[in-house]
Every structure is written in structure tokens, then in C-alpha cells.
Amino acid sequence: GKAHVMNWLLDNLWDEETDAIIFLDDDIRQVMAHGLDCHDVKKTEDEFYQICESNTLLAKEWGCGLWGFSPNSDRLGYYEWAPFRLHAYIDGGIQGIVKNDGLRYDEELTVKEDVDFFLQQLYKYHKALRVEKYYLRKRSFEGDGGSQEFRKEGVEKEQFKMMQKKWGPDVIRPNKPKSSK
């Protein structure tokens, strides 16, 4: 897994001048924003840096240790009057870590280390900043690369059991099958 590399970066790159360490998944194709006219907008690299800076500042002001984007690209799930959530899941597509507080990625996990890190943040701070306006277009689970070598059914089940043991069955639950109605 990549947790040991991320922990090394957290342990070795943080200094008194560091505002945040932002981890980006390697399968991101584009940073997108929900537009007011129901047309999503591609963000430029410069706009992305500004988005990172402003959300890092906001997360710090609100006492969060972590910020990220919505994992949902569906326009129907975005509400302009509710641009932020403090108790909603933040995946590993982008994780902006704004506090050097000793929280680290679980190196026993080869998949779902981002879920575990998010849960650690919730446990410690009781919140994490999810910015609903932005989402990532990704190539998740396509082809080779990334965590594909770890995403085998047996490994996923083993990791699920480890997470359930760590966080409990009320927090880590299997996905419910979708109704066929």
C-alpha cells in the first residue's frame, strides 16, 4: 500500500512554514466545479491552487484537520445553499491535511487507508471539511496502475474485516444491495 509513503511525507515534509500537505490520487483527470447554470466547469491549474489555499484556510478557521472534495459528480446532489459538510465522507481523491497532529495512515491497510484516516479525523476533531462544489473526474478502477494490484476480492474482504474490527460494525458496514424495483 501507499500508507507508508504518505506517513513518511507527513513525518518529513512538515515544518513551521507548512500550511498543509495535500495528497492527490494519481488517477485524477480533471478538477470540476458545479456551475450555477447546471453546466459543470473545468478548473485550471491556477484555479486549483487557489481552491486549495482557500479551503486550507477555511479548514483551519473551522478547527478541522482535514478537507476534501465531494466524491459525487451528480449535479442533483449539489445544493448551492449548502456548500460545505462537516460530517460527510472524504475519499482519497484529494485529502488536504492541515494539522500536524500525529494522526497517520494505517500501514496495515493496503486499501481503504483513506477511509481509516478520515475516520481518525472525525474521531479526534468530530468534523472534517468537505467542499461540495468541487469534485474530481477520475479513472478509478480502470485498467492497470494505482491500487489495482491490491484490489482483489480476497484482499478487499480481509481489509474490510480489519476496518470493522478497528471501528466496529456500526461504523464499517457492508454495502446494502440495491433494490431491483
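First, a word on scope: everything that follows refers to the structure included in this document. One numbering rule holds for all chains: residues counted from 1, following each sequence as written. Whole-chain, interface and lining totals are the exception, using all residues; otherwise, since this is a predicted model, local features are given only for residues with pLDDT of at least 70 and side-chain atom pairs are given and counted only at 80 or more. Computation of side-chain values: all heavy atoms of the structure, hydrogens and water removed.

**Digging into the side chain of R130**
Then, in step 1: To qualify as a helix, a DSSP run of H or I must reach at least 4 residues; to qualify as a strand, a run of E must reach at least 2; elements of each kind are numbered from the N terminus. Relative to the helices and strands, R130 is located in strand β7 (residues 129-131).
Then, in step 2: Given a relative accessible area of 8%, R130 falls into the buried group.
Then, in step 3: Pairing of N or O atoms within 3.5 Å defines a polar contact, subject to two protein rules: one partner must be a possible hydrogen donor and the other a possible acceptor, and residues neighboring in sequence count only if both atoms are side-chain atoms. Looking at R130, its side chain comes within polar contact range of the main-chain oxygen of Y89, at 2.9 Å.
Then, in step 4: By definition, residues are in contact when any of their heavy atoms lie within 4.5 Å. Contact partners of R130, with chain neighbours within four places excluded, come to G68, F69, S70, P71, P83, F84, R85, A88, Y89 and I90. Whether a residue is buried, partly exposed or exposed follows from its accessible area with a 1.4 Å probe, protein chains only, as a fraction of its type maximum: under 20%, in between, or over 50%, in that order.

**Notes on the sheet that holds β7**
Then, in step 1: The strand order across the open sheet built from five strands is β1-β6-β4-β7-β5, with neighbouring strands paired in mixed fashion. A single partner strand is all that each edge strand has here, and the edge strands are β1 (21-24) and β5 (84-85).
Then, in step 2: One requirement defines pairing of two strands: DSSP has to find at least two bridges between them. Relative to β7, β5 is paired through two bridges, and the arrangement is antiparallel. Residue pairing for β7: R85 is matched across the bridge by R130.
Then, in step 3: Orientation is described by axes fitted as lines to C-alpha atoms, over the contacting stretch for helices, and by angles from 0 to 180 degrees between their N-to-C directions. Helix-sheet contacts for helix α1 (residues 3-13) involve β1 and β6 (94-97), and the interaxial angle to β1 is about 160°.

**So, the nonpolar core**
Then, in step 1: Counting residues in hydrophobic clusters, the biggest one holds 20 residues, and the most contacted among them are L10, F23, L66, I97 and Y105.
Then, in step 2: Mapped onto this core, the elements with two or more residues apiece are α1, β1 and α3 (113-125).
Then, in step 3: Of the residues forming this core, the biggest block, five residues, is contributed by α3.
Then, in step 4: When sequence neighbours within four positions are dropped, the list of residues in contact with Y105 reads A3, M6, N7, L10, F23, Q95, I97, E113, D114 and F117.
Then, in step 5: One finds V31, I51, Y134 and L136 within the second-largest nonpolar core, a separate group that totals 16 residues. Side-chain atoms within 4.5 Å are what join buried Ala, Val, Leu, Ile, Met, Phe, Trp, Tyr and Cys residues into a set we call a nonpolar core.

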